Amino acid sequence: MLDRLGEDGKVLAGGQSLIPLMKLRFAAPAALVDINRVPGLDQITEEGGGLRIGALVRHKACERSQVLRGRFGVLHDVAPLISDPIVRNLGTVAGSLAHADPQGDWASALLAAGAEVVARSAAGERTIPLDELLKGPFTTVLEPNEIVTEVRVPDPGSRAGGTYRKLERKVGDFATVGVAVHVSLADGSVARAGIALTAVGPINFRATAAEQALLDGGFGDEAIGAAARLAADAAEPRSDLRGSADYKRGVVRIFTERALHQVARSVRGEG
Amino acid sequence: MAETEAHVQSIEVVVNGERRAAEVEPRMLLVHFLRGELGLTGTHIGCDTTSCGACTVLLDGVPIKSCTMFAVQASGRGVTTVEGLRRDGALHPIQQGFKEEHGLQCGFCTPGMMLVSAALLEENPNPSEEEIRWALSGNICRCTGYQNIVKAVHWAARTMQSEQASEGVESELAAEGAA
Ligand SMILES: Cc1cc2nc3c(=O)[nH]c(=O)nc-3n(C[C@H](O)[C@H](O)[C@H](O)COP(=O)(O)OP(=O)(O)OC[C@H]3O[C@@H](n4cnc5c(N)ncnc54)[C@H](O)[C@@H]3O)c2cc1C
Ligand code: FES
Ligand code: FES
């Protein structure tokens, strides 16, 4: 069906971004392919220590999921910060990724967690790491005939944790700044570090130098301080109504530091 | 591409318990279907930008913004609007609560507020103030300052719980009587 429609067809998931855009005439697809009645896409499944999040998993389901606590804390903590409770009843995780709004929160949380998406078309299926999916504001590498069927999150190991910090002007608003962190420990050192930023660049992106600081320096106060400074350096915020660029860069540093301290305490079992 | 030309689609939605069949354009929003086609004008349009919650209805019991869903998407499903809150000819406790605690001034936001509150109480019969405020955070009120809205939800929660308790006692008494 999408093959036939080409650029004129669009997938309709939660509709919480697409319908507002259509009303503003920013999007005017000739036809929508509503995937809401496709069975089997609304599950969060644990598999081999990792997760599979189906294309119709709503923000609300993530907020309520027990599976997302603890090791996948970054996904659990981001969910209730997306928009408002009514939008969360319909909006989907996969739809957020396909929408690729640089102010969207899911892409950062899932970048930090090292996720990839499974995209399917009549021609076949491919797996796209999230780092490669996002091309620019509201732009992805997805072809018009491809549907994201699920998001896959790799096994972070047994000693892992994460969280998401978001500055918003009011409940339900898009992020002024968002910071996602997700860290795995193994044999006393940092085995994996994910730090990703929201609303401070043309796309959501990983602060790789900050991640490296943790991989090299461990999970102590000093390395955390260094990672926070490097994350702030990586940010490219713009001054706008929500705050000046300097202010936003400062928020990135402080949020990264606080989030990492919180995760360090929780993976060390200090609550 | 015949299927992309303007055409109408048959839908069947159970609105407030009643089966309503109609022919609509696929582009018609659910809120326009409810207000324009069915005359259920209790569902308000505040912002039309998915921000205010005035257009909230329950889709199979779950609050959604009817300005951000197409009518065809509701086909085969159940929709509750504010007109459907009344039970057996009497006001729903949430409606009574808004009346008792002065939970409204102009009333524009009230249908959305009441539907979200009714759904909350289904799930959580005894919510804290924090839980009520969190649940209502997608609904904007320009008049009340929210204090009395929170009180109204508490009023309804207490009333529904004592109703249930007394129903429980009555059925126990009936069971004892039968024994
Ligand atoms: C008032 C308001 C506030 C919001 N605040 C936030 C916020 O704070 N943070 C945040 O992250 N988001 C926010 N959002 C956006 C919300 O999270 C949306 O739910 C999300 O961006 C899109 O998900 P959806 O399922 O509704 O997608 P849709 O609107 O259905 O689709 C969005 C786009 O993705 C495409 N698409 C959807 N699913 C697929 C798929 N499986 N495969 C391929 N393409 C697909 C569609 O074709 C379309 O182009 C807000 C939205 C509103 C209305
Ligand atoms: S009219 Fe639908 S959210 Fe405001
Ligand atoms: S009572 Fe007027 S908007 Fe709420």
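Predicted model, so just to flag it, every value in this text is computed and none were measured.

So, on to the domain arrangement of chain A. Residue and element names in this part refer to chain A. Taken domain by domain, chain A consists of domain 1 (43–153) and domain 2 (159–267). In this structure, domain 1 and domain 2 have C-alpha centres spaced 19 Å apart. Listed as interface residues are 27 residues of domain 1 and, on the opposing side, 28 residues of domain 2. Counting each side, the surface lost to burial between domain 1 and domain 2 is near 2100 Å², with a carbon and sulfur contribution of 55%. Lysine 166 is paired through a salt bridge with aspartate 105; the nearest N and O atoms lie 3.0 Å apart. Listed by contribution, the elements that provide at least two residues to the side of domain 1 that touches domain 2 are α4 (73–78), α7 (106–112) and β7 (134–136). Among the residues forming the side of domain 1 that touches domain 2, the class breakdown is twelve nonpolar, eight polar and seven charged.

With that out of the way, let us pick up the interface of chain B and chain A. Across the boundary between the two partners, chain B contributes 28 residues, which contact 30 residues of chain A. In total, chain B and chain A occlude about 2100 Å² of area from one another, counting both sides; carbon and sulfur atoms represent 60% of this. Three residues stand out in chain B for area buried against chain A, namely Phe70(B), Gln73(B) and Trp134(B), and they jointly supply 25% of the buried area on that side. For the interface between chain B and chain A, the tally reads three salt bridges. A salt bridge links Glu123(B) to Arg64(A); the shortest N-O distance between them is 3.0 Å. Run the count over chain B and chain A and you get eight residue pairs in polar contact (both at pLDDT 80 or more). Listed by contribution, the elements that provide at least two residues to the side of chain B that touches chain A are β4 (62–65), α3 (110–123) and α4 (129–135) of chain B. At four residues, β4(B) tops the list of elements feeding residues into the side of chain B that touches chain A. When grouped by side-chain class, the residues that make up the side of chain B that touches chain A number 13 nonpolar, nine polar and six charged.

All names here are of chain A. Look at helix α9 (residues 208–217) against helix α10 (residues 221–234): their axes get within 7 Å of each other, and the N-to-C directions meet at 165°. With respect to their mutual orientation, α9 and α10 come out roughly antiparallel. α9 and α10 meet at a crossing whose hand is right-handed. Between α9, through Ala209, Ala210, Ala213, Leu214 and Gly217, and α10, the contact on the second element is made entirely by Ala223, Ile224, Ala227, Leu230 and Ala231.

Here we take up the sheet that holds strand β3 (residues 44–47) of chain A. All names here are of chain A. If you walk across this open sheet you meet the five strands as β3-β4-β9-β5-β6, and the pairing is antiparallel. Both edges of this open sheet fall to β3 and β6 (124–129), since each of them pairs with a single strand only. Strand-to-strand twist in this sheet, taken as the mean axis angle between neighbours without regard to direction, amounts to 25°. Taken together, the five bridges between strand β5 (residues 116–121) and strand β9 (residues 147–153) define a ladder with antiparallel strand orientation. Within the sheet, the bridge partner assigned to valine 117 lies in β9 and is valine 151.

What counts and how
Residues numbered from 1 in each chain as written. Chains lettered and ligands numbered in written order. Predicted model: local features only at pLDDT ≥ 70, side-chain atom pairs only at ≥ 80, totals over all residues. Heavy atoms only, no water. Domains from an automatic or database assignment. Contact = heavy atoms within 4.5 Å. Buried area = accessible area lost by both parts, 1.4 Å probe. Salt bridge = Lys/Arg side-chain N within 4 Å of Asp/Glu carboxyl O. Helix = DSSP H or I, 4+ residues; strand = E, 2+ residues; numbered from the N terminus. Nonpolar A, V, L, I, M, F, W, Y, C, P; charged D, E, K, R; others polar. Polar contact = N/O pair within 3.5 Å; in protein donor to acceptor, adjacent residues only side chain to side chain. Axes fitted to C-alpha atoms, helices over the stretch in contact; angles between N-to-C directions. Parallel < 35°, antiparallel > 145°, perpendicular 65-115°, else oblique. Left-handed = near helix turned anticlockwise from the far one by under 90°. Pairing = 2+ DSSP bridges.

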